Amino acid sequence: MTGPRRARLRALAKINLDLRVLGRREDGYHELRTVFQTISLADTLEIAFTPGRRSSIELAENQIPDNLVLRAAQAVMDALRRPGRVEMRLSKRIPMGAGLGGGSSDAAAVLLALPVLAGGELSLPDLCRMGRDLGSDVPFFLLGGRAVGIGRGTELFPLPDGAAQMGVLAAPGIHVSTAEAYRLLDASLTTELQENKMFSFQSLAWGWESGRPAVNDFEAVVFPVDGRIARLKRSLMRSGAVQASMTGSGSAVFGLYRTAESAARAMTSLSGNDLAGGRVFRIHLVSRARYRSLWWRALQEHTGANVWPPRSRYLR
Ligand code: C5P
């Protein structure tokens, strides 16, 4: 019998540097044009696999109903047919329901790591399909860095990594329902608008570093729901941010700065009242090269060469 194969993973959060909603699709989802970016804020997932005759999946002290990591682990075990015991422990640091993709990143971490530990192999197209079935933001975390997302947000095209940027992330204690935010947007979506948005997004993606103003369509419908979110954005702008935006359907907002000093100063400019019991984090953008090297390092003991997705050394 082989003992447990263990790994300790950092599941990074994302922000949307730009996010446009074009319209409602026939499948009920919305057609998006967005730029995703991984950031340094992360959950920690400890995962162990012990080969055995029977399969089981456990998540210690789980506080989240229908946790996506359990569904991700089940999907991998079904696809691999390598029986064994999967034990996981998740330490949450990424605020939930804030537009930061925490649950999606945790699920992607399982998709990337469990095949390696279990001695199986899933192709990237298979992983993308499994990711999409778990949630619209999951496939992005199979890529990392900066990427354009189209369709449901699950069709991804890498963008070059930008200059390193420091940031401040304010996650107020205000819950925004994603489904409700989409419903609020529906009223304002027209065909004419769709075409305008498509071309303006495209020109932004072509010249990403040229400093065109970024957009998040959800701001127009989420800011009126609670004035404190817009006030946080204004504070970040005033403190010298090169960009300040809400991420996803909120309620977290981020500001990006050229220097660590200006980011540090911005932290102190935020009002406790506007944070509504939430939290502020210092962040930096994480490039795709860095994202991958974090993964390779975390799985070093269980992989051979540094290839993407990480490849198991227990393959039979
Ligand atoms: O895919 P996911 O489960 O993360 O989506 C959560 C909800 O967000 C969906 O039920 C849907 O209401 C909405 N959504 C959407 N269009 C997208 C992504 C999400 O309408 N592209």
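Summary of the structure given here. Values in this document were obtained by computation on a predicted structure and should not be read as measured data.

**With respect to the side chain of Ser 239**
Relative to the assigned elements, Ser 239 resides in the loop between α7 (227-238) and β8 (243-246). At 2.8 Å, the side chain of Ser 239 forms a polar contact with the backbone oxygen of Leu 236. With residues near it in sequence (within four places) discarded, Ser 239 still touches Tyr 257, Ala 266 and Ser 269.

**Observations regarding the environment of Leu 68**
With respect to the element layout, Leu 68 can be found in helix α1 (residues 68-80). Classification of Leu 68 by relative accessible area gives buried; the value is 17%. The sequence separation of Leu 68 and Lys 14 amounts to 54 residues, and the corresponding C-alpha distance is 17 Å. Ignoring any residue separated from it by four or fewer positions in sequence, one finds Leu 68 in contact with Gly 103, Ser 104, Ala 107 and Leu 134.

**Some points on the sheet that holds strand β7 (residues 166-171)**
Each strand in a sheet pairs with another by means of backbone hydrogen bonds, the pair being arranged parallel or else antiparallel. Ordered by their spatial adjacency, 4 strands build an open sheet running β8-β9-β7-β10, and the pairing between neighbours is antiparallel. Each edge of the sheet is formed by a strand with only one pairing partner; in this case those strands are β8 and β10 (279-284). Averaged over neighbouring strand pairs, the angle between their axes works out to 20° when direction is ignored. Both β7 and strand β9 (residues 253-257) contribute to a ladder of 5 bridges, which runs antiparallel. Looking across to β9, one finds that Val 168 is bridged to Gly 255.

How each quantity is defined
- Residues numbered from 1 in each chain as written.
- Predicted model: local features only at pLDDT ≥ 70, side-chain atom pairs only at ≥ 80, totals over all residues.
- Heavy atoms only, no water.
- Helix = DSSP H or I, 4+ residues; strand = E, 2+ residues; numbered from the N terminus.
- Polar contact = N/O pair within 3.5 Å; in protein donor to acceptor, adjacent residues only side chain to side chain.
- Contact = heavy atoms within 4.5 Å.
- Buried < 20%, exposed > 50% of the residue type's maximum accessible area, 1.4 Å probe, protein only.
- Pairing = 2+ DSSP bridges.
- Axes fitted to C-alpha atoms, helices over the stretch in contact; angles between N-to-C directions.

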